[in-house]
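# Coordinates in review
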Amino acid sequence: MRDGYGRNIDYIRISVTDRCNLRCRYCMPADGIEPTTCQEILRFEEILRLARLFADSGIQKIKITGGEPLVRKDVSWLISQLKKIPGIQQVTLTTNGLLLGQYLPTLMEAGLDGINISLDTLEEDTYQRITGRGSVRQVLKAIEACCDYENLRVKINTVTLADYNLSEIEALAALAKDRKLDVRFIEMMPMGLGRDFPGYTQETALKRLEAAYGTVLPAEDEKGDSGPAVYYKLEGFQGRIGMISAMSHIFCKDCNRIRLTAEGFLKPCLHYGTGVDLRQLLRTGADDEILRQAIEAVILDKPERHGFCQETAGVKEERKMWEIGG
Ligand code: SAM
Ligand code: SF4
């Protein structure tokens, strides 16, 4: 359905957990978090009931996220059930990749359409400095395994960290040289711990890529299929380079998404704390009509734009990235 600004809202990010097996410095405190209990997070049956209602309200694409979604048991089963919902055309997953080696076959059997793998560096020591654990080698192995599936769209997501990976832009982009995958650079958003990590802009990244690989041209499908990335082609590269620039190129006029936290809070925008507690409605006996009205009210009320770059009216989000699904 369309929101109050005429945007077609057809995409939802559903967080299935706030737990994670990494501690990326800009996302989660090194000493961990007070994780929510099993009772606090939505059961899969609750997610599926809501997903049917989301589909009725025009949602066609679902991204499963977290925390790290693969630390929750049976995510493949959830995906297989989401895929059966009439109107849902795409179910994808975003992951740090560490558990993919174990779960990729069952995810593919479940019908996964696409995967985003977060990787901020190719250097093991830098990886350790950023994430505190895990290994680049393991993530790269998972990326190769994903590329073996022709019908799986693979995207690598790199957050721009001026003090950690500016000098690696060229090497990270080169992952798209001989593989049919997209490498996307995401500008750091000043949320939670991310406020203390300066990023760099799309222009900086593109300039370095141009110096290394020659002219950067807009890709044929420049806007991709589910925003907010803008895509470029480099001569001789099989895959594309994407820029997700929430700060330097505010993309809110094309925003197509809403978000459901692991605790069942439906959010119209990452930046604001507004939304509706669907868990409370679910667990106090709300019927489908009441739930549908609540969902559609959130969509209609979606703010025009985020307010990272200026003071805006409205309630700012105090929850952290791992709590709201990035
Ligand atoms: N654990 C999974 C992963 O890392 O892909 C899914 C959740 S994670 C919160 C989703 C994405 O948000 C990751 O690519 C992460 O790098 C990104 N992220 C976290 N904090 C961010 C921030 N302040 N600005 C921009 N991206 C951020
Ligand atoms: Fe975990 Fe993803 Fe946050 Fe890193 S960015 S700590 S992998 S939730």
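Described in the following lines is the structure provided in the data block. (Residues numbered from 1 in each chain as written. Chains lettered and ligands numbered in written order. Predicted model: local features only at pLDDT ≥ 70, side-chain atom pairs only at ≥ 80, totals over all residues. Heavy atoms only, no water.)

Looking only at helices and strands, one finds ten helices and twelve strands in the protein. A compact globule built from 326 residues should have a C-alpha radius of gyration of about 20 Å, and the protein, at 19 Å, falls within 12% of that. Principal axes of the C-alpha set define a box for the protein whose edges measure 60 × 45 × 40 Å. A buried classification covers 56% of the 326 residues belonging to the protein. Excluding contacts between residues fewer than 6 apart, the proportion of contacts in the protein whose partners are at least 24 apart in sequence is 73%. Taking the average place of the 43 positive charges on the side chains of the protein and the average place of its 47 negative ones, the gap between the two points comes to 1 Å. (Helix = DSSP H or I, 4+ residues; strand = E, 2+ residues; numbered from the N terminus. Rg over C-alpha atoms; globule rule 2.2 N^0.38 Å. Buried < 20%, exposed > 50% of the residue type's maximum accessible area, 1.4 Å probe, protein only. Contact = heavy atoms within 4.5 Å. Lys, Arg positive; Asp, Glu negative; His and termini not counted. Charge placed at Lys NZ, Arg CZ, Asp CG, Glu CD.)

The next subject is the environment of Arg2. Mapped onto the fold, Arg2 is located in the segment before β1 (11–15). Taking the C-alpha atoms as reference points, Arg2 and Met243, separated by 241 residues in sequence, lie 25 Å from one another. When residues no more than four places from it in sequence are discounted, the contact partners of Arg2 are Arg7, Asn8, Ile299 and Leu300. Among the polar contacts made by the side chain of Arg2, one reaches the main-chain carbonyl oxygen of Gly6 at a distance of 2.6 Å. (Polar contact = N/O pair within 3.5 Å; in protein donor to acceptor, adjacent residues only side chain to side chain.)

Our focus in this paragraph is the sheet that holds strand β10 (residues 257–260). The strand order β7-β8-β9-β6-β5-β4-β3-β2-β1-β10-β11-β12 describes an open sheet built from twelve strands, whose pairing is mixed. Lying at the two open borders of the sheet, with one neighbouring strand each, are β7 (216–218) and β12 (276–277). Bridging between strand β2 (residues 61–65) and strand β3 (residues 90–95) involves four bridges; their strand directions are parallel. Bridge assignment links Ile64 to a residue of β3, and that residue is Leu93. (Pairing = 2+ DSSP bridges.)

Take the site of ligand 1 next. Among the 16 residues in the neighbourhood of ligand 1, the closest are listed as Tyr26, Gly67, Ser118, Val159 and Met189. A distance of 3.3 Å separates a nitrogen atom of ligand 1 from a polar side-chain atom of Glu68. Between ligand 1 and Ser118, the relevant distance is 2.6 Å, taken from an oxygen atom to a side-chain nitrogen or oxygen of the residue. In the complex, 93% of the free accessible area of ligand 1, which totals 550 Å², lies under the protein chains. (Near = heavy atom within 4 Å. Areas by Shrake-Rupley, 256 points an atom, 1.4 Å probe, with all protein chains shown as cover.)

A separate point is the pattern of salt bridges. According to the stated counting rule, one finds 13 salt bridges in the structure shown. Between Arg240 and Asp182 there is a salt bridge, with the nearest N and O atoms lying 2.8 Å from each other. Linking Arg240 in the loop between β8 (230–234) and β9 (241–244) with Asp182 in strand β6 (residues 182–186), this pair joins segments that are 58 residues apart in sequence. As far as the burial class goes, Arg240 and Asp182 line up, both buried. (Salt bridge = Lys/Arg side-chain N within 4 Å of Asp/Glu carboxyl O.)

Neighbouring ligand 2 are Cys20, Leu22, Cys24, Cys27, Met28, Gly67 and Asn96. Here the shell around ligand 2 is composed, by residue class, of five nonpolar, two polar and no charged. (Nonpolar A, V, L, I, M, F, W, Y, C, P; charged D, E, K, R; others polar.)

As a further point, take the pairing of strand β5 (residues 153–159). Regular strands place their side chains on alternate faces of the sheet. Burial analysis of β5 places six of its seven residues in the buried class, which makes it a mostly covered element. The pairing of strand β4 (residues 114–118) with β5 spans five bridges and is classified as parallel. What sits directly across from Asn116, in β5, is Lys155. With five bridges joining them, β5 and β6 adopt parallel strand pairing. Pairing of Lys155 across the sheet is with Asp182, part of β6.

The contact between helix α2 (residues 75–82) and helix α3 (residues 100–110) brings their axes to 8 Å, and the two run at 15 degrees. In terms of orientation, α2 lies roughly parallel with respect to α3. Our pair here, α2 against α3, has a crossing hand that is right-handed. Contacts between α2 and α3 involve Ser76, Ile79 and Ser80 from the first element and Tyr103, Thr106, Leu107 and Ala110 from the second. The residue makeup of the contact of α2 with α3, split by class, is four nonpolar, three polar and no charged. (Axes fitted to C-alpha atoms, helices over the stretch in contact; angles between N-to-C directions. Parallel < 35°, antiparallel > 145°, perpendicular 65-115°, else oblique. Left-handed = near helix turned anticlockwise from the far one by under 90°.)

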